Every structure is written in structure tokens, then in C-alpha cells.
Amino acid sequence: MKQISRLFILASVIAAILFSSGCYDIRELDRVSIVTGLAVDKAEQPGNIELTIQIGKAGALGGGENVGAPDEKPVQLIDAVGESVMVALESLRNDNSRILFFQHNQVLIIGEDQARTGIIPYLDTFMRNKESRFEVWVLVSEGNAKDVLETEMELDEVSAVGIAKMIKNHTETSKSLGVRLLDFLSKITERSASAVAPIIKIIKEEDIHRLSLSGLAVFKKGQMTGKLTEDQSIGFSWVMGDLKGGNLSVETEKGSAQLAVMSSSSKLKPVFNKDRLQKMKADITGKFIIAELTGFKNMKIEQVIDLLKKGAADSIKKLVMDCYKKSQQLKSDIYGFGSYIYKYHAGRWKTIEKDWDAVFSNLALEVDIKVDIQDTGKTGKSPEMEGIR
Amino acid sequence: MFNFITKKLKYGLRRAQESKVETADVKSNKEIEELPITGRLSADLELTRKVMGTSSDIKIHEFRYGTNSELKGALIFIDGLVNSDMLTQGILKPLILGKNLNSYQKESIAKTLDTVKQTILCSGDVTEKHLIGELVESVLSGDTAFLSEGFDKALIISTKGWDKRSISEPQTESVVRGPREGFTENFRTNTALLRRRIKSPNLRMDHLTIGEKTDTNVCVAYIEGVADPGIVETVKARLKSISADAILDTGYIEQYIEDHPFSMFPTIGYSEKPDVVTARILEGRVAIIADGSPFVLTAPMLFIESFQSSEDYYIRPFHASMIRILRYLAFFISISAPAIFIALTTFHQELIPTTLLFTIAAAREGTPFPTFLEAIILVFSFEILREAGIRLPRPVGQAISIVGALIMGEAAVSAGLVGAPMVIVVAITAVASFAVPEQTDSAAIMRIILLILASSFGGFGIAVGFLGILIHLASLKSFGIPYCSSLTFNHNMQDSFVRMPLWAMTKRPKGIANEDIIRNDMQIPPSPVYQPPSNE
């Protein structure tokens, strides 16, 4: 009898747990709209933003027999205006029959106008809300961000997914730099208070619109202050040491070459004279293989490599300094020098914290570049070099 | 609620008492069985008839024998259970035509009986019985009883010979490489199959009879000096404590003697193949053979045994180890795949890659039921299909599988009733569940428990479910041996996750065999010996 009552109590407890607390956060897939992209634009009403979300239509996107009508648009764009992201989201939620599901959001595109006005107040939602992921790519669009999401891509039906792939691809070739929301936010909230984000623009060729990534937008204290060109952004990557691929073109008096970047690393160090910050020092190492050679008539490969090493160091230095000067012009410490000094030399940071902008814009950068050419490719010769004829 | 249950229980108790009263009426029969054989043939036969009733298959054959046919005798046997050739050639013919009785007939009765036993009956197994009850018992198990006027005992001549299934390849536990013999329903064949494999005098086959009505022959087989005497004694004591009226299969015994009757995990192993049982006996386990069952129980059983196939030891260790790891994976899939799918698609969609999510979501579009219901429908349909496939005659079974495959798999998806990914998941689960046949039953239950947990709590539910299962598994014991013992690192793991080479498995599993633990004494690895070719 005792055992029966114990079993009964156990069973009722389990049933109570299952039925009263279970399923509270269940989300059936046919009740959610999978948001793939977010765009923030400046609204016509002052102080307001226009929030656009791109929703992937599962019925049109899924493989197999369930694919909908072939001419059905695979994505849906809805937008709302509000004084904050949350307000705009609320009205989007009200207008949508399904729960908005942000976990698969790929990109956050900020329109240039809004970026120049300032984005700090609008970023808070993305930091705070548990639905939004920190892996989202942050981009700045030349022109309206909404138009970017609207642009159709040839191969990727959902343009946001395509943009995400594009960023990954561009990071490989170093032409642009992928910036995730987490990096962006942490850089902007750090001591240096500056961050970069890739710029995406729509290229209109006759009736075809396509997207292209070019250069970086520089943010300072949540406000876009300027742009870096593609070459400048490569220079930026050299200093940060996260160049993963791409080519470096080297010009020497004997000929020119394309060197493929294998790996790069960089070490940043402030140099102090007594307690005064004298300069920043960057030790950059680059490992290359030769991808293309033209010229170098009647030279031996050893000589060519020596020449190329020198030439490569020069061109890297040029890229780096070019970018550095631009950032000094913009008074944006995108390298995070300030944060570095704060982290490792906190006492000295206090003395320069107040006029860091002025200090940074006059700060010298010493670049020490080590170049290593590891491989000559499939051949050690070239049609024009010695030994062929 | 409780009042209702108490009432029911009281009613049951009363019923039990009433049935006890009923058995008291039949006491007279019991009393007869206790009576000795008197030596007056007609009286003895009368008593026997009274006990055995008037069944048509019970034959009492009265005849006269001796040189001048002056002795009265009777044979009692059951038609169909005895070998009739043996009966006529080995018993009746020598008795009726035999001349040997001539010189002894006037001497003492005991001597005549000895003569009959020693010089006339052509049988290898003749015993004497003194009680009516003993006589009846022997006759019922297929022997022939010989009664004669003036003898106060019966000669029981072994004439067992009924139609039986021959040794064939078992339907379960098929192997590609390895012995193909299987146990049969015949008790002696089964013991012989074991005896033929272990030619050691230490192989013990201790005999018991269980079942008040069926009097089933049960045999406990083990190797003395290898098996733990404690375990042997435990098995015997538990077998003796069974007081049931019938043992129809070893499955009955399993349920009467298992350690954890309320657990979904089996704690007693079984096999239909003599080589498997032999291997387990050699590891120090105890086998239980019962008449009428081609399945032999082995105890104690470890959880890991479910993942060991006999073929693992017949093929070389590399592939065997790979297959074994696959079996663990299959077991994991078979219990958790639907649960994980549900947790991912209804709670943790962020864990699914975006492209895959769109594919799954596309399949979800327009399906009417919640994912959980979809899964339950498919899981249960599969169980129904499986059950129907087993029970139905083979030609019809095929029709069932076609209907199942076409209608459930194809039509249900294209009609939009269930999503295709769910069908795939359940199909994978179904296939995987057959990779570990000994745990198929427990897996089916665990699958549904995990399914319910996953659909109410998502991944958290699965974690809790697995934790519960793990705690439960760790608490199980089989005849004193922890169920998971070979999964822990303090036991020899040569035969758990991977199967080490045979020469490396030098010791019997720790814990099961505690004496004579050295299995082989090979050099590691065995180095081949070359005999130089002679030049002659």
C-alpha cells in the first residue's frame, strides 16, 4: 500500500513537471520566420530609424519536392520605422503572423547615413537581446542598406546568406575584412573606441545589380568617420597580423612579381621614452610563395628571391603606412593601440588618456618587416630568367 | 482511489484462498502418488489408472512372458513419447520370446527382477522405482514402466523418443563466419551440443525440475573451477525458489530469477547458439538450459555483452573493433535520434546550419501535426509494422512491408501528413535498433521516454533522460556483478569498446571468473615458428 502511494506520488510529480513546465519555449518551425538579414537605415523622420528584416521563405528555399512555385521570391522584406530598434521590432512583430527568429541572422547592414549619424543607441539591443547572435557580420552599405538586402544574387537565393559567403571569401583574399558583431561591439566599447566594418555597395550594370565589398568604414565612438580603400584595408590587416591570403604585388627595377600570402603575423609594442610614449613598434612577418614572375632577365632564382624580399618589405611598408596615415587623419585608433597600452601599461595610460586623439594622430609607427619566400611554385625558373635559353 | 485498489487487492487475496480450498479436494490423488508399489499387478495398475486418468495416449499393455508365459507383466507408456521400435525390439520381444527366465523363475522374486534387468531388457538406462508417484512421473516424461506380478517395484526403461526438430541454423544471431548450429527445443540435444564443445570433466550440468504442472527439466551448466561458486549457488538457489506451475520457455525462468524485475534492461543474457553459450561458460558464466526452449540463459550478464557478437571473435580484431564501435553508435542513434531531432527542430533551431534549417522548415510547411506528434506517430507505426512483420506468415509479411514502406514512407510524405526528414530520422532509428538485438526492447522504451522528455524540455530533457538512464544502469547488478562493470577503467577493458587480439586477452573477465583466471598464455604477439625445409 505504502509503495503504491509512493509510486502514485512519483507519477503525479512527473506528470506535473511534464505538463506544467514543459514546452514553455517550444517553437515549431512552421510558426517561425527565419530572419536572415537586418538592415538599419536613417528614417525620414528625424531621430528615427528604418529597420528592415529579410525573411527566408522555407517553402521556396528547401530542397526536395516541397519547393514552391518556381517564380516565387525566396525572401520577404519587411520594414518598420521606430525611434529605437526595439520599437521598430515590436511593430514588425505585430505585422507578422509568425515569431521572428533571429538566431540565424547572417548580416547586420548599417546604412551609411545612419552610420555617420551614429549607431551607439541602436547597438544596445543587439548586445542585450539573447536572441541576437554575436557572430553576425557587420557591414556598412554605401547608400541605403535596405537596397542591399533587396538585391538578388545569382547563385545564392537569400542575399544575406550570399553576403556572408562573400565576406568569408573576401577574408581569404584579404581584399576586405569580415567583422563580427562581437568584435565590432567590443572594439567600440574599448579604450580606443574605434572599429572598422566592411563596406558593401551595389554595382549597377545596365539592368543587373550586383553586390561588391570594397574597403572598410572607420567608426569612432559609434560614428562613422571615414573610409579606407582596399589597399589601405590590406595595410590594416598587415598590422593586425590577420592576413590569411591574397596576393602582394612587388615592383622592382628588374621586374615585377605577384607573391601569394601564406601566413602573416604581427606583434605590436609601444616604445616609451622614460614615461612618455615615443612610438609604436610593429614587427610584421610575412610568408609568401611566388605566384607570378615577369622580367628578371638573366638572373638566378636566388638573386630574384633576395630582390623580391626587399621589394615585398617595401610594398608592405607602403601599404601599412598609407593606412596608418589615413587613420591618423581620421583620428581613429582602429588598431587598438590605446586598448593595448591600457591593458599592459595602465599607469602610463592614465597620463595620455585624456588627449589620446591628439597623441595618436602624432604617434610615430615603426614597422619592422620580415619577409620569407618559402616556395617558388612548381618551377624555380621563368621563361625570361637565366638557364632556359 | 486507494480504497478501490485495496478492495481489488482484498478480492484477489480471497480468490487465492478459495483456490487453495479447491486443491484440497484433489488430495486423494496426491495420497495415491505417495503409495508404494505393492506387487499385486491388478491393484498397482488400478492405482496408476486412477492417477493418470483415461487419456487416450496413455497405454497400459498387459501381457504374459517367461518361457511358458507364466508371468504376468504390464508396460505403461505414453504413445508418441516413446520410441516404438525400442519398445518392441528392446523390451517386448526379449521379454516374450526370451528363454533366459527359465532357470531362475523358481528362485526369489528379486533375482527374477535382476535377471530381467540384466539379461533381457536391451536398454542402456534401466532404473527401479518404488512409489506410484515416481512411476507416473517417469512415464509422463517418456519412459516406459515395467510392472510384473509379484515385484514390489517398477523397472523404468528409458525409451524417450519423440519427434523433434533437428539442429538447424538459428533465425536470430546469424553470422557470416562462425558455427551455424543452433539449440533446439530438445533438452538432451542442447546439453549434448554444449558437452561436445567442452570436453572437460569439469563441465557440470546440474539437473533440476521446475514447474508443478510441467515438471520441466532444467539444467545449470558451468565449469567447476572457473565459475564463481557463489554465483553458481545463487543461480541454483533462485531456480529452486521458483514455485510456478509452468516453465514453457527460458523466458519464464529469466523473469522469475532476474535481479531487477522492474528494470527495462535485461540482466540475464540469452543465446540460441551453442558457441556463444560455450564462450560465456568459459568466461565463468553459468548457463541455464530448459526443456522446450532453444534459448539458453547465461548469467551474470553485463551491459557490454549486448554489444558483443560471436562473430567479433571469429574475425580479425581490426574490423571487429570497428564494428563494435559502430554498434555503440547505432545504439545511441536508436535511442536518441528522434529525441535529438525534436529537440533541435523545436527548441534549438540555432544549432542547425542555416541551409539545413531551411530544408527542414520547408518540410514542416503545411504539415498539420506538431513535430512531437509526428514523431510519435511514426515511431509507433514502425513498432506496429515490426510486430506485424514478425507475427505474420512470411508471404503476408512481405505485403505488410510493401504497404509500410510505400504508404508510410512515400504517401504520407507526399500527402503532406508528415515531413520527410522525420521519416528519415525514424527510419535510421529503426535500422540502428537492429544492430544491437539484445537491447532492442529496452531501446524502444528509452526512445519513447527520451522523445517525451525532448519534446517537453528540449536538449535539457535529453540530458536529464540520459543522466537518468546512466544512473539506472550504474545501479543495476546481475547476480552480484555490477551491470556496467566492464565499462569502468578498473576492469580489464580488452573486450569492451574495442576487441583486442585474442592473444592479448589473457585473462577471463574480472569479477565474473574469480578462480583460474588465466585464459591463455601466449607470447605477445605470437611469433610464428619456422621449420626449415629439409633438403632430402
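About the criteria used
- Residues numbered from 1 in each chain as written.
- Chains lettered and ligands numbered in written order.
- Predicted model: local features only at pLDDT ≥ 70, side-chain atom pairs only at ≥ 80, totals over all residues.
- Heavy atoms only, no water.
- Helix = DSSP H or I, 4+ residues; strand = E, 2+ residues; numbered from the N terminus.
- Rg over C-alpha atoms; globule rule 2.2 N^0.38 Å.
- Buried < 20%, exposed > 50% of the residue type's maximum accessible area, 1.4 Å probe, protein only.
- Contact = heavy atoms within 4.5 Å.
- Areas by Shrake-Rupley, 256 points an atom, 1.4 Å probe, with all protein chains shown as cover.
- Domains from an automatic or database assignment.
- Buried area = accessible area lost by both parts, 1.4 Å probe.
- Salt bridge = Lys/Arg side-chain N within 4 Å of Asp/Glu carboxyl O.
- Polar contact = N/O pair within 3.5 Å; in protein donor to acceptor, adjacent residues only side chain to side chain.
- Axes fitted to C-alpha atoms, helices over the stretch in contact; angles between N-to-C directions.
- Parallel < 35°, antiparallel > 145°, perpendicular 65-115°, else oblique.
- Nonpolar A, V, L, I, M, F, W, Y, C, P; charged D, E, K, R; others polar.
- 1 Å grid on protein atoms, 1.4 Å probe; cavity = no way out; pocket = protein on both sides within 12 Å on 5 of 7 lines; lining within 4 Å.
- Points joined across faces, edges and corners; volume = space filled by probe spheres on them.

1. Remarks on the overall build of chain B
The number of helices and strands found in chain B is 18 helices and 12 strands. Its C-alpha atoms give chain B a radius of gyration of 31 Å, clearly above 24 Å, the size a compact globule of 536 residues would have. By its C-alpha atoms, chain B is 105 × 90 × 45 Å across when sized along the principal axes. Residues classed as buried in chain B amount to 45% of the 536 residues present. In chain B, the share of contacts with a sequence separation of at least 24, taken over all contacts with a separation of at least 6, comes to 65%. Roughly 27600 Å² of accessible area belongs to chain B as shown, and the carbon and sulfur atoms make up 60% of that amount.

2. So, the environment of Pro 121 of chain A
Structurally, Pro 121 of chain A is set in helix H5 (residues 120-128). Linking Pro 121 of chain A and Gly 222 of chain A, residues 101 residues apart in sequence, is a C-alpha distance of 8.7 Å.

3. Quick word on the domain arrangement of chain A
Residues and elements named next belong to chain A. Segmentation of chain A into domains returns domain 1 (27-228) and domain 2 (230-389). Just the C-alpha atoms count here: the centres of domain 1 and domain 2 sit 32 Å apart. On the domain 2 side, the residues contacting the 25 residues of domain 1 number 27 residues. Of the roughly 2100 Å² buried at the junction of domain 1 and domain 2 (both faces included), carbon and sulfur atoms supply 55%. Connecting domain 1 to domain 2 are two salt bridges. Glu 353 serves as the salt-bridge partner of Arg 191, at 3.7 Å between the closest nitrogen and oxygen. Along the contact surface separating domain 1 from domain 2 lie six residue pairs in polar contact (both at pLDDT 80 or more). Listing elements by their share of the side of domain 1 that touches domain 2, those giving two or more residues are helix H7 (159-173), strand E7 (194-205), strand E8 (208-220) and strand E9 (223-228).

4. Remarks on the packing of helix H9 (residues 230-240) of chain A against helix H10 (residues 301-329) of chain A
Residues and elements named next belong to chain A. Here H9 crosses H10 at 100°, and the two axes come no closer than 7 Å. Looking at the two axes, H9 sits roughly perpendicular to H10. In this structure, H9 contributes Asp 231, Gln 232, Ile 234, Gly 235, Phe 236, Trp 238 and Val 239 to the contact, and H10 contributes Ile 316, Leu 319, Val 320, Asp 322, Cys 323 and Lys 326. Partitioning the contact of H9 with H10 into residue classes produces eight nonpolar, two polar and three charged.

5. With respect to empty space enclosed by the protein
All names here are of chain A. Per the counting criterion, the structure on display carries six cavities of 30 Å³ or more. Taken as a whole, the second largest cavity encloses approximately 80 Å³ of empty space. Contributing to the lining of the second largest cavity are Leu 38, Leu 51, Val 85, Leu 89, Phe 102, Thr 125, Phe 126, Asn 129, Glu 131 and Ser 132.

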